[in-house]
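# Observations on chain architecture
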Amino acid sequence: MGRYILRRLLQLIPVFFGTTLLIYVLVWLVPGDPFAGKCGDRACPPAYIEQMTHKYNLDQNIFVQYFLYLGKLFQGDFGQTYSGVDISTLIGQAYPITVRLAIIALIFEGVIGLAAGIITGLGRKRFVDNLVMISTLVLISLPVFVTGFIIQVVFGMDLGWMSVTVSSDAPWGELIAPGFVLASLSMAYVARLTRTSIKENKRADYVRTAIAKGQPQKRVIGIHLLRNSAIPVMTFLGQDLGALMGGAIVTEGVFNIKGIGGLVKQGIETKESMQVVGLVTILVLVFLVMNLIVDLLYAVLDPRIRYD
Amino acid sequence: MTDIQQGGDTATTMTEDAQGQPALEVSDLHVEFRTRDGVATVLNGVSYHVDPGETLAVLGESGSGKSVTAQTVMGILDSPPGFVTGGEVRYQGENLLTATESRRVAVRGEEVAMIFQDSLSALNPVFTVGFQIEEQFRIRRGMSRKDARKRAVELLDLVKIPNPQSRVTQYPHEFSGGMRQRAMIAMSLALDPEVLIADEPTTALDVTVQAQIMDLLGELQRERNMALILITHDLGVVADVADRIAVMYAGRIVESGDVYSLYRNPAHPYTLALLESIPRLDVRGQELNTIKGLPPNLMRIPEGCPFNPRCTRAEDRCRTEMPELHQLGEGRASRCHFASELINNG
């Protein structure tokens, strides 16, 4: 196991260099002048251009630029935006909001999605089954921004239970509605995946064995059946958490949340190349680590998987 | 075994009662499968019994209903599609089919236990073998983890698994097929059942391992004076361990009797055909005998004797008239119109 983790961590190195190089080159080679419009209506003075060109090493070859950037990055310096704000400060402000939003979304997926899946997987009530299958289909079909708008209109404007947008420090309470919107798609998938998984395992031989052993029904379901059915669901939730940690551009946009997703979007729109590169680097790292954790979790859940 | 449980003053009278009574008796059992395509009558009045300390082999092709009978006895028939439409399953005189659900759960494992064909899928893949054995002691008997572990190791040792101490913490996929079936046997014996049903316990194993598992089962059965119902389609397996045989065809017992006289002198053409289809080492270069045709579609069982379309000596009568179960003396019975002729000519 230890060797496996070490090997996986070593594999992260080439992936890290590959993705960061790719994103660095792409972002800086996008056509267009990053300093256009930075000085109001007038063209920027040559002295400013020269200073900025030097600051971002734009006079160097792109690969030299990349390695100069990496050198600073390894010292913990993400660089600055054109207006001189530290990018690490921006990330530091935005990340807690994204983490809060991700946790809320994951709770929705885990609680509502799992509950709906377990109820329909175990139960025999046609009505409940149809209700869940149809409502999850609706959630899967609707784009997230539509779900977001509906929530805003119904709960924000008609009922007045919440404010339509989230204030800039994004407390937990205000993130509940956006968290639900962000979770909606995966929640529907979790419900369906759980349902299918339970229905498949219900007829499994080992469940029949547990019944034939005379184990009480609660235990047959609660221990033997659900433990096996949980394997694909837990894996899905783990991978989804990785995606959620990368921020949610659409949901954050709809609710005006100042999270990582919003920063990426803003960076791309305003050609803040340094900001985009820094953010994507962080996201790549988070995603790689989350994936490793999911793979390890998989081995914990299913003893047939061995990493030796 | 019985003596220990009964004990006290009543021991003599109870033992006498128990001696006169089969450990398990199935009588006139009817089961149908209601599917979208129609109703299949899978069991059409199956009756058999097994006495304490006796081994009954239930023999038949796939689809003859031998496993369904066992599942009905255990109360693990998938329903839907399976429905019991008549008959009784009596354990020491008590009808299990009308017993309460909690009584049925209590009977499983404790009184009647079962082992399955494919041990890899029948054991839970995510729990250790030890956990699955200990569960019986912890949940059914309220034992502590430590005591349950001790008992699990003892059981693995009993079924001759080497290094039971370390094996107990392993998962089913870490066992070989034979070892896994041994573990399954250990698990079924945990609560000292009076009746053990083995549903094709050796079918998934290779031949040398098959013999070892059968020997083990026979040994344990004798030691514990258990009643053993051995479900199989393998006539070779049967000859070594069974006391009596019940041959099933299309959801009925077509012939029953003690193993020696039934092998020597079958009183039903189906049994005869089964025996003739055993490959023989001493006759070389001869084509293997097979039974022509297929078992009947259980949604449309032929009129008369269900075996008549495949039977070599069927007459007009067989196509219209369902043969009764003819008692032939000495515990022999056959459901063939010509049963007495067959047994006399043999």
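No experiment lies behind these values; they were computed from the predicted model shown.

### Remarks on the overall build of chain B
Looking only at helices and strands, chain B has 15 helices and 12 strands in total. Over its C-alpha atoms chain B spans a radius of gyration of 21 Å, differing by no more than 12% from the 20 Å that the globule rule assigns to 346 residues. Here the C-alpha coordinates of chain B stretch approximately 70 × 50 × 45 Å along the principal axes. When contacts within chain B are restricted to residue pairs at least 6 apart in sequence, long-range pairs at least 24 apart make up 63% of them.

### Quick word on the packing of helix α1 (residues 2–29) of chain A against helix α3 (residues 62–74) of chain A
Residue and element names in this part refer to chain A. Taken N-terminus to C-terminus, the directions of α1 and α3 make an angle of 125°; their axes are 10 Å apart at the nearest point. When the axis of α1 is compared with that of α3, the two are oblique. As for how α1 packs across α3, the hand of that crossing is right-handed. Taken together, the residues of α3 that come into contact with α1 (itself represented by Leu21, Tyr24, Val25, Trp28 and Leu29) are Ile62, Gln65, Tyr66 and Tyr69. Grouping the amino acids of the contact of α1 with α3 by side-chain chemistry returns eight nonpolar, one polar and no charged.

### Some thoughts on the interface of chain A and chain B
For interface size, the figure often reported is the accessible area lost on association. With 17 residues of chain A at the contact, the number on the chain B side is 22 residues. Among the elements of the structure, α8 (205–212) and α9 (217–245) of chain A are those that each provide at least two residues to the side of chain A that touches chain B. With six residues, α8 of chain A is the largest single contributor of residues to the side of chain A that touches chain B. Class assignment for the residues of the side of chain A that touches chain B results in five nonpolar, five polar and seven charged.

### Brief notes about the sheet that holds strand β3 (residues 55–59) of chain B
Residue and element names in this part refer to chain B. Strand order across the open sheet formed by eight strands is β6-β7-β8-β3-β9-β10-β12-β11, with mixed pairing between neighbours. Only two strands of the sheet have a single partner each, and these edge strands are β6 (112–115) and β11 (326–329). Strand-to-strand, the axes of this sheet are offset by a mean angle of 20°, without reference to chain direction. Sheet topology places strand β9 (residues 244–249) next to strand β10 (residues 252–258); six bridges connect them, and they run antiparallel. Looking across to β10, one finds that Val247 is bridged to Glu255. The strands touched by helix α9 (residues 177–189) within the sheet are β6 and β7 (195–199), with β6 carrying the most contacts at an inclination of about 170°.

### Considering the nonpolar core
Residues and elements named next belong to chain B. In this structure, Val195, Ile197 and Ile229 are the most contacted members of the largest nonpolar core, which totals 145 residues. Not counting chain neighbours up to four residues away, the residues in contact with Ile229 comprise Val50, Leu56, Val58, Ala70, Val195 and Ile197. Residues Leu328, Cys336, Ala339 and Ile343 belong to the second largest nonpolar core, which totals eight residues.

### Overview of the confidence of the model for chain A
Predicted confidence across chain A gives a mean pLDDT of 87, with 99% of residues reaching 70 or more. Within chain A, helix α2 (residues 46–55) of chain A has the poorest average pLDDT of any element, 81, and α8 of chain A the best, 94.

### Here we look at the sheet that holds strand β5 (residues 94–95) of chain B
Residues and elements named next belong to chain B. Pairing in this open sheet of four strands is antiparallel, and the strands run β2-β1-β4-β5 from one edge to the other. With partners counted over all chains shown, the strands left at the sheet margins are β2 (38–50) and β5, one partner each. Bridge analysis of strand β4 (residues 82–91) against β5 gives two bridges, and the strand direction is antiparallel. Within β5, the position partnered with Tyr91 by the bridge is Glu94. Packing of helix α3 (residues 66–74) onto the sheet brings it into contact with β1 (24–35), β2 and β4, and relative to β1 it is tilted by some 105°.

### As for unusual backbone geometry
Residue and element names in this part refer to chain B. Ser79 connects to Pro80 through a cis peptide bond whose omega is -10°. Topologically, Pro80 is positioned in the loop between α3 and β4. Going from Pro80 to Pro81, the amide bond is cis rather than trans, its omega being 5°. The topology assignment puts Pro81 in the loop between α3 and β4. You will see that Asp28, though not glycine, has its phi angle at about 50°, which is positive.

### Concerning the environment of Arg332 of chain B
All names here are of chain B. With respect to the helices and strands, Arg332 occurs in strand β12 (residues 332–334). With 185 residues separating them along the chain, Arg332 and Asp147 place their C-alpha atoms 47 Å apart. Contacts of Arg332, omitting those with residues within four sequence positions, involve Gly257, Ser261 and Ala267.

### Some words on the pairing of β4 of chain B
Residue and element names in this part refer to chain B. As paired elements, β1 and β4 share eight bridges and run antiparallel to each other. The residue of β4 that forms the bridge with Val26 is Val89. With antiparallel pairing between neighbouring strands as the criterion, β4 and β5 make up a hairpin whose turn holds two residues, including Gln92 at a positive phi of roughly 45°.

### Comments concerning the environment of Leu131 of chain A
Residues and elements named next belong to chain A. Mapped onto the fold, Leu131 is located in helix α5 (residues 126–141). Residue Leu131 is classed as partly exposed on the basis of its C-beta count, with 14 C-beta atoms lying within 10 Å. It is 9.9 Å that separates the C-alpha atoms of Leu131 and Ala116, two residues lying 15 residues apart in sequence.

So, how was this worked out
- Residues numbered from 1 in each chain as written.
- Chains lettered and ligands numbered in written order.
- Predicted model: local features only at pLDDT ≥ 70, side-chain atom pairs only at ≥ 80, totals over all residues.
- Helix = DSSP H or I, 4+ residues; strand = E, 2+ residues; numbered from the N terminus.
- Rg over C-alpha atoms; globule rule 2.2 N^0.38 Å.
- Contact = placed C-beta atoms within 7 Å.
- Axes fitted to C-alpha atoms, helices over the stretch in contact; angles between N-to-C directions.
- Parallel < 35°, antiparallel > 145°, perpendicular 65-115°, else oblique.
- Left-handed = near helix turned anticlockwise from the far one by under 90°.
- Nonpolar A, V, L, I, M, F, W, Y, C, P; charged D, E, K, R; others polar.
- Pairing = 2+ DSSP bridges.
- Core = buried A, V, L, I, M, F, W, Y, C linked by C-beta atoms within 7 Å.
- Buried ≥ 20, exposed ≤ 12 C-beta atoms within 10 Å, placed from the backbone.
- pLDDT = per-residue confidence, 0-100.

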